[in-house]
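Take a look at the letters that make up each chain.
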Amino acid sequence: MAKIRNRIETRLVHAGEPHPLINGAVSMPIFQSSTFGITQQTNYHDLKYIRLNNTPNHAALHEKLASLESGETAIVTASGMASISTTLLALLSSGDHILAQECLYGGTHDLITKDLPDLGISYDFVDGYDKSSWKDKLKENTKVIYVETITNPLLQVADLKSIIEFAKNNGLISVIDNTFASPINFRPLEWGFDISIHSCTKYLNGHSDIVAGAVIGGFDLIEKITHKLNHLGGCLDPHACFLLHRGIKTLAVRMKYQNESALKVANYLENHQMIEQVNYPGLESHPGHGFAHELLDGFGGMLSFKITGDAETADRFIKNTILPIEAPSLGGVETLITRPATTSHAGMSVSDRQRLGISDRLIRVSIGIEATEDIIEDFYNALKAL
Ligand code: PLP
């Protein structure tokens, strides 16, 4: 595989591609073979077998993903949650403690608060904006600090540079879920994070047709995570590898368009009298705008907003829209709309949701690649009809 060190748009297309091309195939062929004829391997993890994540489809993707975020290497997994759970299980053991940013993706929140304690791993949450409060939560057995680049569903962008510094000063492994930003808008390892995780289900694949995850980092940590993954079995099938590989090639054109479109929609909503608050890191009114402006190359395609009224008004607004599909998930070419209290964050207690500011009338939108004017027109009509 050729090492490509061009700009990211070029690396999306060319990094990790087989060299020379396999029988001249321009598109990476699918190696749908569970096992491969024995060669020279001496180590269990090097046996060529789909569960061991080392088919040609895996190898090409690993190199492409590592190249995008300047990692030494990468591993793809069966879902974003497989990446998150496997990483945390590889880095933490019974008796350890993790610090995590409050207001994470609901699945991650539940893993940390419900599953890790069953294994003897304790946790504390930290406010990503308030660095003075972190030291108090630190324990002798704290091993990992876990954050998201842009949080779900409030789109917070924490003081990430201070998180890195805090991790380094206290010997913690820093892990960041970079799903919402994608490598186009943020490359965590270049700023000093140890591990970057993606739900590739979202922007990296971009077409709402697979679930997949990825972990990017240094050789030692990724080897440890890979060995854990090989035992837990959360491998990505070669056909899904192929779809992800194909999706990644168009990430730059999709993401840049979605960055622009979401900013326009956020501006439109912020000036509408029926919208109480818009959460979008590209807006100057957003509490994380300063950090976002310094760290990110774009503010992403996700936004959320609080509508005036109640949960029922929010549901009526969603029903009034024609263009977005009412569905959880995000990062695809179709605009999706959802009310997090009933979907992504339904597993969280009402009191936790209230404490974190996830209102019942909060609506989350994943902006697709449709014409921005059509989305704005649809929202205008849906608000007018309330
Ligand atoms: N991380 C974030 C920020 C997410 O929004 C999600 C899913 O919505 C996940 C991780 C989990 O990804 P997956 O559904 O691919 O397991």
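Refer to the preceding data block for the structure.
Predicted model, so just to flag it, every value in this text is computed and none were measured.

Time to look at the site of the ligand. Inspection of the region around the ligand gives 14 residues, with Gly-80, Met-81, Asp-177, Ser-199 and Thr-201 positioned closest. Contact between the ligand and Gly-80: an oxygen atom at 2.9 Å from a main-chain N or O atom of the residue. Thr-201 places a side-chain nitrogen or oxygen 2.6 Å from an oxygen atom of the ligand. Within the complex, the protein chains bury 91% of what would otherwise be the 400 Å² of accessible surface of the ligand. One can see that the ligand is located within the second largest pocket. Per-element accounting of the shell around the ligand gives the leading share, three residues, to helix H3 (residues 80-91). In terms of residue class, the shell around the ligand is made up of six nonpolar, six polar and two charged.

A contiguous nonpolar patch, built from Ile-38, Tyr-44, Leu-47 and Tyr-49 and spanning about 390 Å² of accessible area, is present on the exposed surface. Mapped onto the elements of the fold, Ile-38 is located in the loop between helix H1 (8-14) and helix H2 (56-68). Note on Ile-38: relative accessible area 70%, which makes it exposed.

With that settled, consider the packing of H3 against helix H4 (residues 106-118). Contact geometry for H3 and H4: axes closest at 11 Å, N-to-C directions at 35°. Between H3 and H4 the crossing geometry is right-handed. Residues Met-81, Ile-84, Ser-85, Leu-88 and Leu-89 of H3 touch H4, and the partners they reach there are Gly-107, Thr-108, Leu-111, Ile-112 and Leu-116. Among the residues making up the contact of H3 with H4, the classes are represented as seven nonpolar, three polar and no charged.

On the basis of which strands lie adjacent, the open sheet formed by five strands has the order E8-E9-E12-E11-E10 and mixed pairing. Sheet topology places strand E8 (275-279) and strand E10 (325-326) at the edges, where each strand pairs with a single neighbour. With four bridges joining them, E8 and strand E9 (residues 302-307) adopt antiparallel strand pairing. Bridge pairing links Asn-279 to Ser-304 in E9. The sheet contacts of helix H11 (residues 251-270) involve E8 and E9, and relative to E9 the element is tilted by about 10°.

So, about the pairing of E9. As a general feature of sheets, a regular strand has side chains that alternate between the two faces. For E9, a buried count of six out of six residues is recorded, marking the element as mostly surrounded by other parts of the structure. Neither face of E9 is exposed, since Met-302, Ser-304 and Lys-306 on one face and Leu-303, Phe-305 and Ile-307 on the opposite face are all buried. Alignment of E9 against strand E12 (residues 362-366), held across five bridges, turns out to be antiparallel. Looking across to E12, one finds that Phe-305 is bridged to Ile-363.

Rules used throughout
Residues numbered from 1 in each chain as written. Predicted model: local features only at pLDDT ≥ 70, side-chain atom pairs only at ≥ 80, totals over all residues. Heavy atoms only, no water. Near = heavy atom within 4 Å. Polar contact = N/O pair within 3.5 Å; in protein donor to acceptor, adjacent residues only side chain to side chain. Areas by Shrake-Rupley, 256 points an atom, 1.4 Å probe, with all protein chains shown as cover. 1 Å grid on protein atoms, 1.4 Å probe; cavity = no way out; pocket = protein on both sides within 12 Å on 5 of 7 lines; lining within 4 Å. Sits in = over half its atoms within 2 Å of the grid points. Helix = DSSP H or I, 4+ residues; strand = E, 2+ residues; numbered from the N terminus. Nonpolar A, V, L, I, M, F, W, Y, C, P; charged D, E, K, R; others polar. Patch = residues over 30% accessible without salt bridge, like charges linked within 9 Å, V, L, I, M, F, W, Y side chains within 5 Å. Salt bridge = Lys/Arg side-chain N within 4 Å of Asp/Glu carboxyl O. Buried < 20%, exposed > 50% of the residue type's maximum accessible area, 1.4 Å probe, protein only. Axes fitted to C-alpha atoms, helices over the stretch in contact; angles between N-to-C directions. Left-handed = near helix turned anticlockwise from the far one by under 90°. Contact = heavy atoms within 4.5 Å. Pairing = 2+ DSSP bridges.

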